[in-house]
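Below are the chains, spelled out letter by letter.
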Amino acid sequence: MEPRIYHYDQPFPLEMGGELPGLTIAYHTYGNLNERGDNAVWVCHALTANSEVDDWWPHTVETGCFLDPDRYFVVCANILGSCYGTTGPASINPETGSPYYGSFPRVTIRDIVRAHVILADALGLEHIHRIVGSSVGGFQAIEWAVTQPERFDELVFIASDVKASPWLIAVDETQRMAIFADSTYGQPRKDAGAKGLGAARALGLLTYRGPSGYNATQQDKPDYRLGQLHRAQTYQEHQGNKLVNRFDAYSYVSILDSFDTHDIGRGRGGVEKVLSELNLNTIVIGLTTDLCFPPSDMRHIAGMIPGARYHEIDSPFGHDGFLVEHEQLNNLLLESVSYTHLT
């Protein structure tokens, strides 16, 4: 399904300085807004996903699931800096008539959220019943909830954080180093840095899946012969090539940079103060084997939010468990979230 496009024709100032002359925002919707306008659910997507939620989050946007389009009006917008229709490095710079590529200005999670606000206003969504975010999507969801708590009833915060950790900043820097080591990166073309991007993706996957995920799925077959490539090797190559075929290095670097600036406490008195003042029905979900956002960290975050409920998904698939364990996720959220008034 092709995304819808919203054009914002006013200057868009950026947190780190400078501005974009306007925005193009790609988005998808599922279901319909009810007469009371109180059944909207906004989904914030992760690093290399897009606005087509039912494509990258299987068995969630279905009848009887927690993003049921028969019950909810589900909205997801492609994030600023991406390459799936929203303004990003591959967009045309009106000052030059050519794509931005490496000259695309740096954006933050707060910039991404302000773009969401612009779209939500344009769609007439003064009130959003629930905001859902996982991974980098969780960064956006909690930032928006802190910025406009009066706009939401519920926050569902899955496998994410309230501030970029040194561990994940180091992971991101290692991925950038792989991209920058590709001598084609910086050239004014969409496929610049492709080999570096493939290597970066392979590095990132090690943290997304972790040892339990790899050991459960990438064992060599019984007919493996000495000298052949191991299954884990071909998996890394395949995943690197798969991303290269659908993404670009400039957008990847842009979003990694946005990731590293994430801190909901910046300029607000710190994380603990901000979370202690968050007055939303909040559900925090961790994953037992997540190396990116360990369950101990998720429990700590839940403990700082008044009344927040913490749940944990048991999965061998590490951080990627939020994509894989849809049955557990659906069961948990269908039991936990309030929707009885939405008819």
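Residues numbered from 1 in each chain as written. Predicted model: local features only at pLDDT ≥ 70, side-chain atom pairs only at ≥ 80, totals over all residues. Heavy atoms only, no water.

Asks: How should the packing of aromatic side chains be read in this particular structure?
Replies: Aromatic ring pairs: the centre-centre distance and the angle between the two ring planes describe each pair. Inspection of every chain in the model, using the stated rule, returns 14 aromatic pairs. Pairing phenylalanine 247 with tyrosine 252 gives two aromatic rings, centres 6.4 Å apart and planes at 85°, and the pair type is edge-to-face. According to the relative accessible area criterion, tyrosine 252 is buried, its value standing at 0%. Following the ring pairs from residue to residue traces out a cluster consisting of Trp56, Trp57, Phe66 and Phe322. Geometry around phenylalanine 12 places arginine 114 over its ring, the cationic atom sitting 4.3 Å from the centre. (Phe/Tyr/Trp six-rings, centres within 6.5 Å; stacked < 30°, edge-to-face > 60°. Buried < 20%, exposed > 50% of the residue type's maximum accessible area, 1.4 Å probe, protein only. Lys NZ or Arg CZ within 6 Å of the ring centre and 35° of its normal.)

Asks: In this structure, what is going on with the sheet that holds strand β12 (residues 309–313)? I would like to understand it.
Replies: Two strands in a sheet stick together by hydrogen bonds in their backbones, pointing the same way (parallel) or opposite ways (antiparallel). Strands sit in the order β1-β4-β6-β5-β9-β10-β11-β12 across an open sheet of eight strands; the sheet is mixed. Sheet topology places β1 (4–8) and β12 at the edges, where each strand pairs with a single neighbour. Each strand of the sheet is rotated relative to its neighbour by a mean of 20°, with strand direction disregarded. As paired elements, strand β5 (residues 40–44) and strand β6 (residues 73–77) share four bridges and run parallel to each other. Residue pairing in the sheet places valine 43 in a bridge with cysteine 76 of β6. Sheet strands in contact with helix α3 (residues 136–147) are β5, β9 (128–134) and β10 (152–158), and its direction is about 145° off that of β9. Packing against the sheet, helix α9 (residues 295–304) makes contact with β10, β11 (281–287) and β12, and its axis sits at approximately 165° to β12. (Pairing = 2+ DSSP bridges. Helix = DSSP H or I, 4+ residues; strand = E, 2+ residues; numbered from the N terminus. Axes fitted to C-alpha atoms, helices over the stretch in contact; angles between N-to-C directions. Contact = heavy atoms within 4.5 Å.)

Asks: Would you mind showing me how to read the pattern of salt bridges here?
Replies: Within this structure, the stated rule accounts for 17 salt bridges. Notably, a salt bridge pairs glutamate 277 with lysine 273, separated by 3.0 Å at the nearest N-O pair. Take glutamate 277: its relative accessible area is 52%, and that puts it in the exposed class. Look at lysine 273 and you get partly exposed, because its relative accessible area is 39%. A network of salt bridges, in which partner residues are shared, links Glu15, Arg110, Glu143, Arg266 and Arg268. (Salt bridge = Lys/Arg side-chain N within 4 Å of Asp/Glu carboxyl O.)

The quantities given are spatial measurements derived from coordinates; they are silent on function.
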